[in-house]
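What follows is the residue order along each chain.
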Amino acid sequence: MPHSTEKIQDQPKKIRLVKDELKASKSHSIDPAEEKIKGLFNLYSLKKYEDLLHESKLLVDVFPDSLIIRNLIAGAYAGLKIFDQAILQFEKIIEINPLDARAHFNIGNIQKELKEYENEIKSYQNAISLNPNFAEAHNNLGNALKSRGDLDGAVLEFKKSL
């Protein structure tokens, strides 16, 4: 058990180091947090999901309400097919910003992958209720309804996606 205690004790130290690094680099013309976020986006675009998760763990401790960092973490988990963790991150995003239609949409996409079709439909409907002009959500809802045999509902959603 001493190993896990060491990890817990090291966490505040690591958070302090990240905070100190961010403060020390304030004199540069580039915002240090922005520079770190760009690095995370780069890892995501290179599909280096495990590296992204490693790098983002400390940042999310420093910036727990950062929607950008949480979205990147969720995307990395989804890329690694660790869908339960991806959904948890999107749910945390919704907790931080209840009006985030994209998070509901992304949960719907994961539910489609998991073949949770009823939940998928509800997630797309939630996204649309928050953003009635969300064309992608209307399109995905149309596809979900079509696959369930609701052709009239599907056509209606496809029209709304245009």
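Please read all numbers here as calculations on a predicted model, not as lab measurements.

What is the right way to read the nonpolar core from this model?
Generally speaking, soluble globular proteins have nonpolar side chains that are buried together. With 23 residues, the main nonpolar core has Leu 40, Leu 52, Ile 69, Ile 73, Phe 90 and Ile 110 as its most contacted residues. Taken together, the elements giving at least two residues each to this core come down to helix 2 (32-45), helix 3 (49-62), helix 4 (67-79), helix 5 (83-96) and helix 6 (101-113). If we skip the residues at most four places from it in the chain, Ile 73 touches Leu 52, Leu 53, Ser 56, Val 60 and Gln 89. Core analysis: the next-biggest nonpolar cluster, separate from the first, contains 12 residues, Ala 101, Ala 127, Ile 128 and Phe 134 among them.

What am I meant to see in unusual backbone geometry here?
Outside of glycine, negative phi angles account for most residues, and trans bonds account for most peptide bonds. Its identity is not glycine, yet Lys 47 carries a phi of approximately 60 degrees, on the positive side. Mapped onto the elements, Lys 47 comes out in the loop between helix 2 and helix 3. For Lys 47, a relative accessible area of 61% corresponds to the exposed category.

How should I be thinking about the environment of Tyr 77 in this particular structure?
Inspection of the secondary structure assignment puts Tyr 77 in helix 4. Accessibility expressed as a relative area gives 9% for Tyr 77, which makes it buried. In the structure, Tyr 77 is positioned 28 residues away from Tyr 49 in sequence and 7.3 Å away in space, judged by C-alpha atoms.

Help me out: how do you make sense of the side chain of Glu 120 in this one?
Turning to its location among the elements, Glu 120 is positioned in helix 7 (residues 117-130). Within the buried set, Glu 120 has no salt-bridge partner at all; the shortest N-O distance to an opposite charge, 5.2 Å, is to Lys 112. Excluding its chain neighbours within four sequence positions, the residues that come into contact with Glu 120 are Gly 108, Gln 111, Lys 112 and Ala 144.

Got a minute to help me understand the layout of surface pockets in this structure?
Rolled over the atoms, a probe with the dimensions of a water molecule shows which regions are left empty. The computed volume of the largest pocket comes to approximately 210 Å³. Looking at the largest pocket, it is lined by 14 residues, and the ones nearest its centre are Gly 75, Ala 78, Gly 79, Asn 109 and Ile 110. Every element with two or more residues in the lining of the largest pocket is listed here: helix 4, helix 5 and helix 6. Broken down by class, the residue content of the lining of the largest pocket amounts to 7 nonpolar, 5 polar and 2 charged.

Which parts of the structure should I look at to understand the packing of aromatic side chains?
The geometry of two aromatic rings is summed up by the distance between their centres and the angle between their planes. What the rule picks out here adds up to 3 aromatic pairs. Centre to centre, the rings of Phe 105 and Phe 134 are 5.0 Å apart; their planes meet at 40 degrees, and the pair counts as tilted. Here Phe 105, found in helix 6, pairs with Phe 134, found in the loop between helix 7 and helix 8 (135-147); they are 29 residues apart in sequence, far enough to count as distant. Judged by relative accessible area, which is 5%, Phe 105 ranks as buried.

I keep staring at the packing of helix 6 against helix 7 and nothing clicks. Help me out?
Each pair of packed helices can be summarised by the angle the axes make with each other and by the distance between the axes. One way to put it is that helix 6 packs onto helix 7 with a least axis distance of 8 Å and a crossing angle of 165 degrees. As judged from the angle between their axes, helix 6 and helix 7 are roughly antiparallel. Relative to helix 7, helix 6 is oriented so that their crossing is left-handed. Side by side, helix 6 and helix 7 meet where Ala 101, His 104, Phe 105, Ile 107, Gly 108, Asn 109, Gln 111 and Lys 112 of the first sit next to Tyr 117, Asn 119, Glu 120, Ser 123, Tyr 124, Asn 126, Ala 127 and Leu 130 of the second. For the contact of helix 6 with helix 7, the class distribution of residues is 7 nonpolar, 7 polar and 2 charged.

The rules behind each value
Residues numbered from 1 in each chain as written. Predicted model: local features only at pLDDT ≥ 70, side-chain atom pairs only at ≥ 80, totals over all residues. Heavy atoms only, no water. Core = buried A, V, L, I, M, F, W, Y, C linked by side-chain atoms within 4.5 Å. Buried < 20%, exposed > 50% of the residue type's maximum accessible area, 1.4 Å probe, protein only. Helix = DSSP H or I, 4+ residues; strand = E, 2+ residues; numbered from the N terminus. Contact = heavy atoms within 4.5 Å. Lys, Arg positive; Asp, Glu negative; His and termini not counted. Salt bridge = Lys/Arg side-chain N within 4 Å of Asp/Glu carboxyl O. 1 Å grid on protein atoms, 1.4 Å probe; cavity = no way out; pocket = protein on both sides within 12 Å on 5 of 7 lines; lining within 4 Å. Points joined across faces, edges and corners; volume = space filled by probe spheres on them. Nonpolar A, V, L, I, M, F, W, Y, C, P; charged D, E, K, R; others polar. Phe/Tyr/Trp six-rings, centres within 6.5 Å; stacked < 30°, edge-to-face > 60°. Axes fitted to C-alpha atoms, helices over the stretch in contact; angles between N-to-C directions. Parallel < 35°, antiparallel > 145°, perpendicular 65-115°, else oblique. Left-handed = near helix turned anticlockwise from the far one by under 90°.

Keep in mind these numbers describe shape, not what the thing actually does.
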